[in-house]
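# Working through the structure, step by step
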Amino acid sequence: MDWQVLLLDIVLMPLLAFIVGLLMVLMMRRVRARLERRIGPPFFQPLYDIIKLYGKDIQISHGFIHDLGIIMVVGGYITVEMFLPVPGFVGLAEKGDLIALAYLMMVPMLGMALGVGQCANPNGSIGISRALTAMLGYDIPFVLVIVAVAAMYGTTSLPEIIAIQQQGGMATWGVATMPVMAVAGLITTHVMLAKEPFETYIAPAEIATGPMVEMGGKFMGGLFVVQTFQVYTAGVLYVTLFLGGGENWLVFLPKIFAVVFIPFAVTIVFPRYKAGEGLLWVWKWPTGIALLGLALILM
Amino acid sequence: MSDKQISIPVAAGTGGSPYAGVFDRLIDFCRARSLFLLHYCTGCGAIELPPAMTSRYDMERLGIQPMATPRQADILLVTGYVATKTLKRIILTYEQMSAPRYVIGICSCTVNGGMYWQSYATVKKLNEYLPVDMYIAGCMPRPEAVITGLQQLMDRIEAGRADAWRDYYRRYDHYLGKQQALFGKHWQTPSDIIGEARQFDLLGPDTLGEHTTLLEQYQQPLEMPSTPVFGHGRDVPEDERS
């Protein structure tokens, strides 16, 4: 019985993540459109895009590693979703903890680097080097957030963190007990989502969307799927660590949408940093704030 | 396999089952509602696209959005006059796009040369060199006209009738002949159109012919950095130089 529940969980969790992620991508595009005084895409637009991209008749693969890279990107995020507890689903979250999750979240980026390498497109290589630079930037405040969370709750297990916050009520939420860390976490989320001013590795007008430069058709479809997972993971992780998770989906959904709304809304007013400037900014501000937060917690 | 191919016409029918074409219809439905544009904006028509995209006319509400590279794009939008030098780049770009791919010629210049009719360096009819799905005439067409044209293309895609891209594979010899007439017998692109036609079962009666024979005769291996396809380093024989 137990393994059947587990099997159901690990099938349904990525599926749910995909559906919620589609809605988040729709929100991202609609918010951007409204702020630019446009109408924005129709409701099913993210789904149309993905089906269209997977329905391409002819497309070129650059070789085995190119194919393998995209499988690693999509597969990496599917695995991440299995480790991310949401209301009603635990999945593998009890088997792995926050540190395992942080490792798994790196796999897609490395898969992308692998796949893009074989494309032999200079724009792709520049994009990947920038993406890994950006990862070097945001991983430091991210690790500090993990350390702070572990110090605060005395555990790195995500279901336990949720349980502690839900039993104690709003006063024990991460955002109340470690507000400085919550700010650092929010900025890190923004950088992780690669929104302006940190979209150095996408940069459509500069390096032609960087790692995605040679990705057409089904490869691009995979990346569109990954985009849904990416925004979903960022939202769910933040809510789990700082906003007490959710007792049910009615409470949970508004929280995760509110969290990702912040980067989506503020991104539009920014231009783009250079790769080095962005890195320095991330090492200066979110890292500094996170260090301050950590000091406050440990004192 | 014999040399002579017997063509058996296969009608696109449901084959008796009411669900037979459901998946194809779903994909056509989605294709018509999600179009990624690649602008080849070297002509003056490009100036009409920013208003068509931004808040005044907002193409994204129809599912149309700009993309940065040919690999990602569905529509190649050629806005305005096409010089012979430009055409080389347009063909390279077009052949990199993943099919189904569509070409739209905007402005009079792509239709008949427009005000560049007497220019020695300008291509007059774009559809001699590439399979053009739709022309939007005007000098320049207003954003309303551009969007109306795109909507007509969307209707054709949804009905499954926008398949000019197949024509490029089926009649490659014809298109290649026109390209060779313009660029010389050494013309080649990095994309292997004949190989793709074989791979994806798109060989037509005119895929291979005298022009593709000429191509094979002069084709150079691609992975050679010392001999670029075109540009400064290309080794052009004396009789070709002009």
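Residues numbered from 1 in each chain as written. Chains lettered and ligands numbered in written order. Predicted model: local features only at pLDDT ≥ 70, side-chain atom pairs only at ≥ 80, totals over all residues. Heavy atoms only, no water.

## Observations concerning the overall build of chain A
For clarity, the cut-off: The helix count covers DSSP runs of H or I at least four residues long, the strand count covers runs of E at least two residues long, and both are numbered beginning at the N terminus. The globule rule used here is 2.2 Å times the number of residues to the 0.38 power, and the radius of gyration it is set against is calculated over C-alpha atoms. Note on classification: 1.4 Å probe, protein chains only; a residue is buried when its accessible area is under 20% of the maximum for its type, exposed when over 50%, partly exposed between these limits. Only heavy atoms enter the contact rule, under which two residues are in contact if any of them lie within 4.5 Å. What sets the accessible areas is the Shrake-Rupley method with a 1.4 Å probe; for residues, cover comes only from the shown protein chains. In this tally Asp and Glu are treated as negative and Lys and Arg as positive; neither His nor the chain ends contributes. The location of each charge is read from NZ of Lys, CZ of Arg, CG of Asp or CD of Glu.
For chain A, the helix and strand inventory stands at 13 helices and zero strands. In sequence order, the secondary structure elements of chain A are arranged as α-α-α-α-α-α-α-α-α-α-α-α-α. A compact globule built from 299 residues should have a C-alpha radius of gyration of about 19 Å, and chain A, at 19 Å, falls within 12% of that. For the C-alpha atoms alone, the extent of chain A along its principal axes is close to 55 × 50 × 40 Å. Burial statistics for chain A: of 299 residues in total, 57% are counted as buried. The contacts of chain A with a sequence gap of at least 6 include a subset with a gap of at least 24, amounting to 79%. Accessible surface for chain A amounts to roughly 12400 Å². Of this, 73% is attributable to carbon and sulfur atoms. Within chain A, the 17 negative side-chain charges are centred at a point lying 12 Å from the centre of the 16 positive side-chain charges.

## Quick word on the interface of chain B and chain A
Many descriptions give the size of an interface as the accessible area lost when the pieces come together. Heads up, the condition is: A quick way to say it: buried area is the sum, across both parts, of accessible area lost when two parts are put together, with a 1.4 Å probe. Salt bridges are identified by distance alone: a Lys or Arg side-chain nitrogen within 4 Å of an Asp or Glu carboxyl oxygen. A 3.5 Å cut-off defines polar contacts: any pair of N or O atoms within that distance qualifies, except that in protein one atom must be a possible hydrogen donor and the other a possible acceptor, and neighbouring residues in sequence count only when both atoms are side-chain atoms.
Each side of the interface is counted separately: chain B has 31 residues, and chain A has 33 residues. Here chain B packs against chain A, burying approximately 2600 Å² in sum over the two surfaces, 57% of which is carbon and sulfur. Of all residues in chain B, Glu60, Arg71 and Gln72 of chain B give up the largest surface area on contact with chain A, accounting jointly for 23% of the area buried on that side. Seen at the junction of chain B and chain A, the total is eight salt bridges. Taking the shortest distance from any N to any O, the salt bridge between Glu214 of chain A and Arg71 of chain B comes out at 2.7 Å. Where chain B touches chain A, the interface holds 20 residue pairs in polar contact (both at pLDDT 80 or more). Going through the elements one at a time, helix H1 (22-33) and helix H6 (164-170) of chain B are the ones with two or more residues in the side of chain B that touches chain A. Take the side of chain B that touches chain A: its biggest share by element is five residues, from H1 of chain B.

## Description of a nonpolar patch on the surface
Residues and elements named next belong to chain A. Heads up, the condition is: Within the patch definition used here, like charges are joined within 9 Å and nonpolar side chains (Val, Leu, Ile, Met, Phe, Trp, Tyr) within 5 Å, considering only residues with over 30% relative accessible area and no salt bridge.
Nonpolar side chains collect at one region of the surface, where Phe64, Ile65, Leu68, Met72, Leu110, Leu114 and Leu132 lie side by side and expose about 560 Å² of accessible area between them. Counting only elements with at least two residues in the nonpolar patch, the list comes to helix H3 (64-82) and helix H5 (107-119). In terms of residue count, the dominant contributor to the nonpolar patch is H3 (four residues). Looking at the secondary structure, you find Leu132 in helix H6 (residues 122-153).

## Structural notes on the packing of H6 of chain A against helix H11 (residues 217-242) of chain A
All names here are of chain A. To keep it simple, the criterion reads: Helix axes are fitted only over the stretch in contact, all axes being lines through C-alpha atoms; the angle between N-to-C directions runs from 0 to 180 degrees. Note on convention: near helix rotated counterclockwise from far helix by under a right angle means a left-handed crossing. Clockwise means right-handed. Basically, the charged four are Asp, Glu, Lys and Arg, the nonpolar ten are Ala, Val, Leu, Ile, Met, Phe, Trp, Tyr, Cys and Pro, and anything else, Gly included, counts as polar.
Remark: H6 packs on H11, axes separated minimally by 11 Å, with the N-to-C direction vectors making an angle of 30 degrees. Crossing handedness for the pair H6 and H11: left-handed. Mapping the contact onto sequence places Phe142, Val145, Val149 and Tyr153 in H6 and Leu237, Leu241 and Phe242 in H11. Split by residue class, the contact of H6 with H11 holds seven nonpolar, no polar and no charged.

## So, the domain arrangement of chain B
Residues and elements named next belong to chain B. Basically, it comes down to this: These domain boundaries are the output of an automatic or database domain assignment.
According to the domain assignment, chain B contains domain 1 (19-162) and domain 2 (163-220). Using C-alpha coordinates to define each centre, domain 1 is positioned 22 Å away from domain 2. Each partner contributes to the interface: domain 1 provides 21 residues, whereas domain 2 provides 17 residues. Among the residues domain 1 hides against domain 2, the three largest losses belong to Glu95, Tyr129 and Pro131. Together they make up 34% of the total. It is helix H3 (residues 84-96) that provides the largest number of residues to the side of domain 1 that touches domain 2, a total of eight residues. Grouping the constituent residues of the side of domain 1 that touches domain 2 by class yields 12 nonpolar, three polar and six charged.

## What about the pattern of salt bridges?
A complete count under the given rule lists 17 salt bridges over all chains for this structure. With its nearest N and O atoms 2.8 Å apart, the salt bridge here joins Glu36 of chain A to Arg38 of chain A. Of the residues examined, Glu36 of chain A reaches a relative accessible area of 31% and is grouped as partly exposed. Note on Arg38 of chain A: relative accessible area 11%, which makes it buried. With a closest N to O distance of 2.6 Å, Arg38 of chain A and Glu60 of chain B form a salt bridge. On the criterion of chain membership, the pair formed by Arg38 of chain A in the loop between helix H1 (2-35) and helix H2 (45-54) and Glu60 of chain B in the loop between helix H2 (49-53) and strand S2 (64-66) is interchain, its members lying in two chains. In terms of burial, Arg38 of chain A and Glu60 of chain B fall into one category: buried. Look at the salt bridges and you will find they share partners, linking Arg29, Arg32, Glu36, Arg38, Asp49 and Glu196 of chain A together with Asp58 and Glu60 of chain B into a network.

## Re the confidence of the model for chain B
So the rule is basically this: Each residue carries a pLDDT score, the predictor's own confidence in it, on a scale running from 0 to 100.
Looking at chain B as a whole, its pLDDT mean stands at 82, while 83% of the residues score no less than 70. Overall fold confidence (pTM) sits at 0.86, and the ipTM for the predicted complex is 0.81.

## Examining helix H7 (residues 172-183) of chain B
Residues and elements named next belong to chain B. What counts, and what does not: One less than the number of residues in a helix, times 1.5 Å, gives the span that helix is expected to have.
Helix length check: H7, at 12 residues, gives a terminal C-alpha distance of 16 Å against a target of 16 Å (1.5 Å per residue), a fit within 8%. Listed as buried for H7 are Tyr172, Asp173, Tyr175, Leu176, Gly177, Gln179, Gln180 and Phe183. Looking at the buried side of H7, the elements it contacts are H3, H6, helix H8 (193-199) and helix H9 (210-218). Gly184 sits one or two positions beyond H7 and adopts a positive phi of about 100 degrees.

## Some details on the packing of aromatic side chains
Stated precisely, the cut-off is as follows: We call Phe, Tyr and Trp rings a pair once their centres come within 6.5 Å, taking the six-membered ring for Trp, and we label the pair stacked below 30 degrees between planes, edge-to-face above 60, and tilted otherwise. In our convention, an over-ring charge means Lys NZ or Arg CZ found within 6 Å of a ring centre and within 35 degrees of that ring's normal.
With the rule as written, the count across this model stands at 15 aromatic pairs over all chains. Here the aromatic rings of Phe43 of chain A and Phe44 of chain A are separated by 5.1 Å at their centres, their planes lie at 90 degrees, and the arrangement is edge-to-face. Judged by relative accessible area, Phe44 of chain A falls into the partly exposed class, the value being 45%. Each ring, one from Trp165 of chain B and one from Tyr169 of chain B, has its centre 6.5 Å from the other, and the planes form 90 degrees; the classification is edge-to-face. Highlighted residues: Trp165 of chain B and Tyr169 of chain B, both in helix H6, separated by four residues, approximately one helical turn. This pair shows no difference in class: Trp165 of chain B is buried, exactly as Tyr169 of chain B is. Ring-pair connections join several aromatic residues into one group, and the members of that group are Phe43, Phe44 and Tyr48 of chain A together with Phe29 of chain B. Above the ring of Phe29 of chain B, the side-chain terminus of Arg33 of chain B is found at 3.7 Å from the ring centroid.

## Description of H3 of chain A
Residues and elements named next belong to chain A. Taking 1.5 Å as the rise per residue, H3 with 19 residues should run 27 Å; its terminal C-alpha atoms sit 27 Å apart, in good agreement. For H3, the complete set of buried residues consists of His66, Gly69, Ile70, Val73, Val74, Gly76, Tyr77, Val80, Glu81 and Met82. Against H1, helix H4 (98-104), H5 and H11 lie the buried residues of H3.

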